[in-house]
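Remarks on the overall topology
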Amino acid sequence: MTEKIEIIGFIKDKNNIKGELSSKLSGSNIKITSGYYLFRSNARNDSMDDIISCLKDVTSCENMFEYNNIVNAPLFDTSSCTSFVSMFNGAGYLKSIPEYDMSNAVTIGNFCNGCYQLESVPVYNWEKVPGTNWFNVFSGCTALSDESLNNIMKSLSTLPSVPADQKRLSRAGLSETQANRCVELSNWEALESDGWITGY
């Protein structure tokens with residue numbers, strides 16, 4: 001009978017993940033359901049591919065890659081995930097993030113805070129993120145391309161219940177320069193018609 005292991009929190013033993021569990025990281029007999037601090041500060045990067053393959057029904061990606069030196073974030077199933085808070089906080093080498101399924105997200109604050117080399121961001125569905133649970137998602141991300149800025153505006157348009165006085169690009173963490181650039185892009189008109197302003 002195959003031993004089944006489910007990990008619902010992050011693995012505390014940073015240095016021995018390849019030791020005792022190395023023979024179990026083959027995909028089918030281990031299930032990791034929380035990404036909380038999983039790869040923070042490069043912990044377990046040498047086993048990242050194996051660990052990513054074990055992520056199933058993940059409910060939290062909080063601080064998952066915080067301060068990690070990854071360049072291109074890996075794609076995995078996030079359809080059950082409700083929290084993306086600080087997922088890439090301080091990941092200073094990050095240049096691109098994939099199209100994660102964020103359709104069940106309810107809190108995404110500081111999602112990519114401080115990712116100053118981040119260039120590429122797709123459109124996300126934030127239709128279940130209430131109120132102000134989205135502040136500073138891209139604060140300090142000064143390298144975002146025009147396409148990414150346009151995609152961010154499209155993502156913001158999916159937020160369901162933003163208070164009128166919080167409909168500001170500055171609340172998403174965009175700088176004054178970025179917000180002014182957004183005004184010149186194709187998705188601004190629809191956002192502006194819904195009451196959004198730059199915030200500057």
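Residues numbered from 1 in each chain as written. Predicted model: local features only at pLDDT ≥ 70, side-chain atom pairs only at ≥ 80, totals over all residues. Heavy atoms only, no water.

Attention now moves to the nonpolar core. By size, the foremost hydrophobic cluster in this structure holds 55 residues, and its most contacted members are F88, I97, F111 and F138. At the level of elements, β2 (30–34), α1 (48–52), β3 (55–60), α2 (146–156), α3 (176–182) and α4 (188–193) are the ones that each hand at least two residues to this core. The biggest single contributor to this core is α2, with four residues. Setting aside residues no more than four positions away along its own chain, I97 makes contact with A73, F88, F111, C112, L118, S120, V121, P122, Y124 and F138. (Core = buried A, V, L, I, M, F, W, Y, C linked by side-chain atoms within 4.5 Å. Buried < 20%, exposed > 50% of the residue type's maximum accessible area, 1.4 Å probe, protein only. Helix = DSSP H or I, 4+ residues; strand = E, 2+ residues; numbered from the N terminus. Contact = heavy atoms within 4.5 Å.)

Our focus in this paragraph is unusual backbone geometry. Located in the positive-phi region is R44, a residue other than glycine, with phi close to 65°. Counting through the fold element by element, R44 comes out in the loop between β2 and α1. Despite not being glycine, N110 has its phi angle at roughly 60°, a positive value.

For the coordinates displayed, the defined rule picks out zero disulfides. Between C112, a cysteine without a disulfide, and C115, which holds the nearest cysteine sulfur, the sulfur-to-sulfur distance is 4.7 Å. Residue class for C112 comes out buried when judged on its relative accessible area of 0%. (Disulfide = S-S within 2.5 Å.)

Moving on, we come to the packing of aromatic side chains. Evaluation of the coordinates by the stated rule reveals twelve aromatic pairs. Where W134 meets F135, the ring centres are 5.2 Å apart and the plane angle is 90°; that geometry is what we call edge-to-face. By relative accessible area, which is 0% here, W134 ends up buried. An angle of 55° between the planes, with centres 5.6 Å apart, marks the rings of W134 and W196 as tilted. Placement of the pair is W134 in the loop between β3 and α2 and W196 in the segment after α4, with a sequence separation of 62 residues. Pair check on accessibility: W134 and W196 agree, each one buried. (Phe/Tyr/Trp six-rings, centres within 6.5 Å; stacked < 30°, edge-to-face > 60°.)

Here we come to the pattern of salt bridges. A side chain of one charge can pair with a side chain of the opposite charge if their charged atoms are brought near each other. In total, this model carries four salt bridges according to the counting rule given. Between R40 and E66 there is a salt bridge, with the nearest N and O atoms lying 2.7 Å from each other. With R40 in the loop between β2 and α1 and E66 in the loop between β3 and α2, this pair connects stretches of sequence that are 26 residues apart. On the basis of relative accessibility, which here comes to 5%, the residue E66 falls in the buried class. For E184, the salt bridge goes to R181, with nearest N and O atoms at 2.4 Å. Using a relative accessible area of 31% as the deciding quantity, one classes R181 as partly exposed. If you follow the salt bridges from partner to partner, you end up with D146, R181 and E184 in one network. (Salt bridge = Lys/Arg side-chain N within 4 Å of Asp/Glu carboxyl O.)

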